[in-house]
Amino acid sequence: MSREDHPVPRDRHGVPEADGAAPQAAPAASGGAADAGPGEPVAGATRDAAPSYAYVPPVRRTVEDELQPRIDALRELIGLSRTRLDGRTLDEAGQVLDAADERGRLSGEHTVVAIAGATGSGKSSLFNALSGAPCSEVAARRPTTSQPVACVWPGDRAGAEALLHRLEISVSRRYAPGTAAGPGGVQGAESDGAPEGGRAGGPAGDHALRGLVLLDLPDHDSAAVGHRDQVDRLLKIVDAVIWVVDPEKYADAVLHERYLRPLAGYAEVTFVVLNQVDRLPGDAADQVVDDLRRLLDEDGLALSEHGEPGATVLALSAATGEGVEELRVALRQFVGERGAAGRRLAADVDAAAERLQPVYVADGQVGLTEQAREDFEERLAEAVGAAATGRAAERDWLRHAERACATPWVRLRNWRADAARRREAAAEGPRGPVTGAATGAATGAGGGQHSEYGQAHVYGQAHVYGRAAESPGASGPFRPAGSANASRASVPSMPSVPSTPSVPSARSVAAASTASASSAASAVSTGSAAQTSRTVTEQAVRAVAGGAARGLPVPWAQAVREAADKGALGLPEALDRAAEAADEALRAGPPAKPRWWTVAAGGQGLLVGLQVLGALWMVGLLCGVDRASGAAGWLPALALVTIGTVGGPALSWLCGVAARGPARRYGQDAERELRAAAAGAGRARVLEPVAAELLRYREVREQYAVAAGA
């Protein structure tokens, strides 16, 4: 069904134009316009002045220099994308590369131009007018052209045979210009000269058309499906197309919607010819051409106006010969440039790049920002409890300083408490391996030196992922302190992490009631903190993957998320190892004891010596050993005892004050090391795979820019 039933120009909405519109053309002869010959011109259809649709040579681009880099970039683009994009997405681009390789192996001296059109448009008549002989059959029956026909002008070098083989033109349908004596004319065309009948002049002697391979295609709207399939196949591989339209069906919807609009990017290798203008009265041809230009503009087909590159629009009559010479002049220029094949391939690459744009062009700036990296590392530090570990390390250093600078009496009491704990552990029997510094937790005045540190690990670090298991036979997660496994909780890891050994609660040797209550509270806190740490890690991975994928085309955003998810599978184990390494380092205590600890310990020994000396002196006075000194002997003895008794705790307090600064630095170093270990695990497992995907996308984006001619 046609968009127009007659050649009256219409506006964008299909309404006939008002005053000044083109008059209707006379009805076609019975049976419609035919290729068989000219229709009878309408009375008065004379044109004294030159038509306004005269041919103006267009300016065409030179694409040969940039075409090969674009083809190479498209090939590289496909190679880099095969593991990221669906094969069907890349199939069309692969076909373009195959066509470019195939055309490049064939003759570059020949230009393949196809004449296409609807039934009755007069394309076969135009083909015969250009070839100078009735090579293509013209008749009233429809469809007339059932097989493509070729007319080959002799070129400077042989090569048309391979082109015709690619086009699948049978030998019986090949002709040389100026003769229709029979098949095999091509062989004559590729000899040193034209056929005998054309040596003196005419189409065969037109040396400006040397290398032209002109095809007459079947009707694109033929009732025979095989004819339409042949047209569609050949339109994909010819170098240029001459679309022949007639005054009655130039606005046909099938032509514009199925062919001209989708092929708008091929304007530089497209001719649109309005045939049968001899049937239009007066200046109706000018008005129909103007309306045809309007429709082509709506189709998005650039036109060669004002010297700009684009499609060439001409009006002619194949029956009377009017305007045919202008088309021949246009073909001479077109063929003489020897650039049609390159421009066609460039348009193919443009079309492939345009269809690939949604999967390669990002929406704005993409990539991992420094802020996103910092947020990710901060979340991982939170997941492994780096801050809690730093505080525990600071307290641990203070306890080491306290024990080193304590009075001998306090150190003796701590030693006895440690011995009692070891005896209790031996009485309970062998235990399974435990993590955390809680194995060395001590009680007493000095407190367990690692109890708080062990608790920090239970509450914050990665190796407590999972839910604290309840011990059988107990009312809560922990058994009472009096049981064989008192104050011990089993903390299984998540499925992907190896089983984690049990962790005893802090203050494990306290009274039974106190231990039971505190252990139950610790178990609840451990379970919730473990789940929180796992959640924090998952949120960190999702956040960094989402930020990196933001704005990317869907396939590449999916690839970034998959890379992050794959790395996240091993991240808990990596964080576990980082936490255990920090655990081992802190269990060993400070790497080197400060010298002032030794000085303080010596001072404590001196003060204890003074205390003992004063006490012995007082005992001697009580026993009457020093009767001569009398009451005056009590004053120095009392002074020695007082100095030893008060000086020891005072020195311990001063050492505690002096230890705060170094302890803070020690804790900060421990926190920094654990943060660095967690960040390193995150970079290796998540950030680096994500960055690799982003780098691959940048590479393909650069190749796409070259392929698209940007």
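Residues numbered from 1 in each chain as written. Predicted model: local features only at pLDDT ≥ 70, side-chain atom pairs only at ≥ 80, totals over all residues. Heavy atoms only, no water.

> I keep staring at empty space enclosed by the protein and nothing clicks. Help me out?
Gaps left between atoms are located by rolling a probe of water-molecule size over the structure's atoms. For the structure shown, the criterion picks out 6 cavities of 30 Å³ or more. Counted as a void, the second largest cavity has a volume near 100 Å³. Leu235, Asp239, Ala240, Val241, Trp243, Leu260, Leu263, Tyr266, Val269, Thr270, Leu301 and Arg344 are the residues that line the second largest cavity. Tallying contributions element by element places strand β5 (residues 240–245) first for the lining of the second largest cavity, with 3 residues. Partitioning the lining of the second largest cavity into residue classes produces 9 nonpolar, 1 polar and 2 charged. (1 Å grid on protein atoms, 1.4 Å probe; cavity = no way out; pocket = protein on both sides within 12 Å on 5 of 7 lines; lining within 4 Å. Points joined across faces, edges and corners; volume = space filled by probe spheres on them. Helix = DSSP H or I, 4+ residues; strand = E, 2+ residues; numbered from the N terminus. Nonpolar A, V, L, I, M, F, W, Y, C, P; charged D, E, K, R; others polar.)

> For this particular structure, what's the right way to read the packing of helix α16 (residues 554–569) against helix α17 (residues 571–587)?
Packed helices, taken two at a time, are described by the angle their axes make and the gap between the axes. Packing of α16 against α17 leaves a shortest axis separation of 4 Å and a crossing angle of 45°. Relative to α17, α16 is oriented oblique. On α17, the residues touching Gly567, Ala568 and Leu569 of α16 are Leu571, Pro572 and Glu573. Considered class by class, the residues forming the contact of α16 with α17 number 4 nonpolar, 1 polar and 1 charged. (Axes fitted to C-alpha atoms, helices over the stretch in contact; angles between N-to-C directions. Parallel < 35°, antiparallel > 145°, perpendicular 65-115°, else oblique. Contact = heavy atoms within 4.5 Å.)

> What is the right way to look at the nonpolar core in this model?
Side chains of nonpolar character tend, in soluble globular proteins, to be buried together. The biggest cluster of nonpolar side chains holds 56 residues, and the ones touching the most others in it are Leu74, Leu356, Tyr360, Phe376, Leu552, Val686 and Val690. Broken down by secondary-structure element, the contributors of at least two residues to this core are α1 (64–81), α2 (87–105), α10 (340–356), α11 (370–383), α15 (512–549), α16, α17 and α19 (634–707). A per-element tally of this core places α19 first, with 11 residues. Core analysis: the next-biggest nonpolar cluster, separate from the first, contains 45 residues, Leu217, Val231, Leu274 and Val289 among them. (Core = buried A, V, L, I, M, F, W, Y, C linked by side-chain atoms within 4.5 Å. Buried < 20%, exposed > 50% of the residue type's maximum accessible area, 1.4 Å probe, protein only.)

> For this particular structure, what's the right way to read a nonpolar patch on the surface?
A contiguous nonpolar patch, built from Trp409, Leu412, Trp415, Val612 and Leu616 and spanning about 550 Å² of accessible area, is present on the exposed surface. If you list the elements that add at least two residues to the nonpolar patch, you get α13 (408–428) and α18 (595–622). Considering every element that reaches the nonpolar patch, the biggest residue donor is α13, with 3 residues. Inspection of the secondary structure puts Val612 in helix α18. (Patch = residues over 30% accessible without salt bridge, like charges linked within 9 Å, V, L, I, M, F, W, Y side chains within 5 Å. Areas by Shrake-Rupley, 256 points an atom, 1.4 Å probe, with all protein chains shown as cover. Salt bridge = Lys/Arg side-chain N within 4 Å of Asp/Glu carboxyl O.)

> Looking at this model, I keep getting lost on the packing of aromatic side chains. Mind explaining?
Under the criterion given, the structure shown has 7 aromatic pairs. Taking 5.3 Å as the distance between ring centres and 80° as the angle between the ring planes, the aromatic pair formed by Phe271 and Phe334 counts as edge-to-face. You can see Phe271 sitting in strand β6 (residues 270–274) and its partner Phe334 sitting in helix α9 (residues 324–336), a full 63 residues away along the chain. Between Tyr360 and Tyr704 the ring centres are 5.5 Å apart and the planes differ by 20°, which places this aromatic pair in the stacked class. One end of the pair, Tyr360, is in the loop between α10 and α11; the other, Tyr704, is in helix α19, with 344 residues separating them in the sequence. Tyr704 matches Tyr360 in its accessibility class, with the two residues each being buried. (Phe/Tyr/Trp six-rings, centres within 6.5 Å; stacked < 30°, edge-to-face > 60°.)

> What is the right way to look at the layout of surface pockets in this model?
Estimates place the volume of the largest pocket at around 720 Å³. Take the lining of the largest pocket: its biggest share by element is 7 residues, from α10. Classifying every residue of the lining of the largest pocket by side-chain character gives 11 nonpolar, 2 polar and 12 charged.

> Looking at this structure, I do not really get the sheet that holds strand β4 (residues 212–216). What am I missing?
Sheet strands line up and pair through hydrogen bonds in the backbone, either parallel or antiparallel. One open sheet accounts for 7 strands, arranged β3-β2-β4-β1-β5-β6-β7; its pairing is mixed. On the outer flanks of this sheet lie β3 (174–175) and β7 (312–315), each paired with one strand and no other. Where strand β1 (residues 111–117) lies against β5, 5 bridges are found, and the strand directions are parallel. Each bridged residue has a counterpart across the sheet, and for Gly117 the counterpart in β5 is Val244. Here helix α3 (residues 123–131) sits on the sheet and contacts β1, β2 (149–152), β4, β5 and β6; the angle it forms with β4, its principal contact strand, is near 155°. (Pairing = 2+ DSSP bridges.)

> Where do I start with the pairing of β4 in this structure?
Within a regular strand, the side chains alternate between the two sheet faces. With 5 of 5 residues buried, β4 lies mostly within the body of the structure. Alternating residues of β4 divide into Leu212, Leu214 and Asp216 and Val213 and Leu215, and every residue in both groups is buried. Sheet topology places β1 next to β4; 5 bridges connect them, and they run parallel. Each residue of the ladder has a partner; that of Val113, found in β4, is Leu214. In terms of strand pairing, β2 meets β4 through 4 bridges, oriented antiparallel.

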